[in-house]
Amino acid sequence: MTDLSTLEADLAAQIDAAADAQALEALRVAALGKSGSISGLLKSLGSMSPDERREQGPLINGLRDRIGARLAEKKTALEAAELDARLAAERVDLTLPAPPRRKGGVHPTMQVLDEMIAIFAEMGFSLAEGPDIEDDFHNFTALNFPPKHPAREMHDTFWLPENERGERKLLRTHTSPVQVRVMQKSNEKLPGWIANGQEPPIRVIVPGRTYRSDSDATHTPMFHQMEGLVIDRNIHMGHLKWTVDTFIARFFETPAVETRFRPHHFPFTEPSAELDVRCDRSGNEVKIGQGEDWMEVVGCGMVHPNILRTCGLDPDEWQGFAFGFGIDRLGTLKYGMPDLRDMFASDVRWLEHYGFGPFAIPNAATGLS
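These remarks concern the structure in this document. Bear in mind the structure is a predicted one, so any value in this text is a computation, not a measurement. (Residues numbered from 1 in each chain as written. Predicted model: local features only at pLDDT ≥ 70, side-chain atom pairs only at ≥ 80, totals over all residues. Heavy atoms only, no water.)

**Re unusual backbone geometry**
How we decide: We count a stretch as a helix when DSSP gives it H or I for four or more residues in a row; a strand needs E for two or more, and each element gets its number in order from the N terminus.
The linkage connecting P200 with the following residue, P201, adopts the cis geometry, with an omega of 0 degrees. Mapped onto the fold, P201 is located in the loop between α7 (176–183) and β5 (202–211). Here the residue pair E270 and P271 is connected by a cis peptide bond, since its omega of 0 degrees sits within 30 degrees of zero. With respect to the helices, strands and loops of the structure, P271 is situated in strand β8 (residues 269–280).

**Overview of the pairing of β5**
Note the threshold: Exposure classes here rest on a 1.4 Å probe applied to the protein chains alone. A residue is buried below 20% of its type maximum, exposed above 50%, and partly exposed in between. Each pair of strands is called paired provided DSSP finds at least two bridges between the two strands.
Most of β5 is tucked away, with 8 of its 10 residues classed as buried. With 2 bridges connecting them, strand β1 (residues 126–127) and β5 associate as parallel partners. Residue L127 lies in a different strand from β5, and its bridge partner there is I205.

**A word on the packing of aromatic side chains**
Where we set the bar: Stacked, tilted and edge-to-face are the three classes assigned to paired rings of Phe, Tyr and Trp, where Trp is represented by its six-membered ring and a pair needs centres within 6.5 Å; plane angles under 30 degrees give stacked, over 60 edge-to-face, the rest tilted. For a ring to carry a charge above it, either NZ of a lysine or CZ of an arginine must fall within 6 Å of the ring centroid while also lying within 35 degrees of the normal to the ring plane.
Using the criterion set out here, one finds 15 aromatic pairs in the structure. Relative to F247, the ring of F120 has its centre 4.8 Å away and its plane inclined at 10 degrees; by these criteria the two rings are stacked. Here F120, found in helix α5 (residues 108–122), pairs with F247, found in helix α8 (residues 237–251); they are 127 residues apart in sequence, far enough to count as distant. Looking at F120, the relative accessible area reads 0%, which means it is buried. For F247, a relative accessible area of 0% gives the class buried. Arranged with centres 4.7 Å apart and planes meeting at 50 degrees, the rings of F247 and F325 form a pair that is tilted. On the criterion of sequence distance, the pair formed by F247 in helix α8 and F325 in strand β11 (residues 319–326) is long-range, its members being 78 residues apart. The pair F247 / F325 is uniform in exposure class, with both members buried. One cation-aromatic arrangement involves K334 over F251; the distance from NZ or CZ to the ring centre is 4.5 Å.

**Some details on the side chain of T109**
Rules: Here, two residues are considered to be in contact whenever any of their heavy atoms come within 4.5 Å of each other.
For T109, the position within the fold is in helix α5. Setting aside residues no more than four positions away along its own chain, T109 makes contact with H224, I327, D328 and M343.

**Some points on the sheet that holds strand β2 (residues 133–134)**
An order of β2-β4-β3 is seen for the 3 strands of this open sheet, with the pairing classed as antiparallel. Pairing within the sheet leaves two strands with one partner each, and these edge strands are β2 and β3 (159–162).

**Focus on the pattern of salt bridges**
Rules: Salt bridge, as applied in this entry: a Lys or Arg side-chain nitrogen positioned within 4 Å of an Asp or Glu carboxyl oxygen.
On inspection of all chains with the given rule, the structure shows 21 salt bridges. D132 is paired through a salt bridge with R209; the nearest N and O atoms lie 3.1 Å apart. Taken together, the residues span a long stretch of sequence, with D132 in the loop between β1 and β2 and R209 in strand β5 at a distance of 77 residues. Between E134 and R181 there is a salt bridge, with the nearest N and O atoms lying 3.0 Å from each other. On the criterion of sequence distance, the pair formed by E134 in strand β2 and R181 in helix α7 is long-range, its members being 47 residues apart. Like R181, E134 is buried. Taken together, the shared-partner salt bridges connect R260, R262, E274 and D276 into one network.

None of the figures reported here should be taken as evidence of function without further support.
Written out as structure tokens, the structure reads:
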């Protein structure tokens, strides 16, 4: 039979001499592990007689408990010593300069938005805003969309669940509902930031987020749009063309702008057109004002008489035009971004490359980009 006193003294001495946690763990396994010395004594109890078992059992179990407690005590002491050593070695030198902070930047979408606002503000336009969550009337009906128009379907529009009144709101598919709010006289009490009815003449731009069920390299489910609206007497397509041509020349910072109208259909304008600009796509960038290619940049047209009547304006007295630009898409064209989806990928490396400094505020007098 093993001398328990000798075994305990030997194990205690080894535990006290353990230099680190690894050596202590090796001792624990040698003593209390599956094949350890104390575990072997515990297994031997099964082969003893009842009298021997009654005598040796408490002694072996007591040895196991004392060695286990000594191991735990030594482990705590080693961990405390290791922490003290780390604290001594990892002191912070307060005389060293602080590590550099990551600098933020202005997102290209916001930069392009500010550039567009600066240009249109110089042309006499004011700013109007409206809610992202709209009702069917402002988003479709008031804009001359027929009841069965495909844009009203789920594959094009994000509809919300019915409310307690059985009404289904939607995420606006364009900023055109704000144009209706600007023209329409309403008794509804609205927050101050939401545009309400104005007396003509009207000259506003409407920037904001819009939502459509669409996603590829040139489309995203959420994107930014800026629409313009002019209402006055004796307005015609020539005014529209001059406005858009002037904006494109200022935005792309080139006087050599050539545009053309192509007939199109929008429910809210008549006549309607898409406006193309001459460009060169031969290299890795799009060069505006040169080359033999054409690129569509804006949808536009004369405000439909039905919309004027819905908003309480007499189409025999008042005429107007409207246009709409994709803010994100203009940014990709001007600053050479190949994929529109990168605008919304939240990649800090991309923003560091394409972003703008916080003090690079576009100004019509000192420069835009």
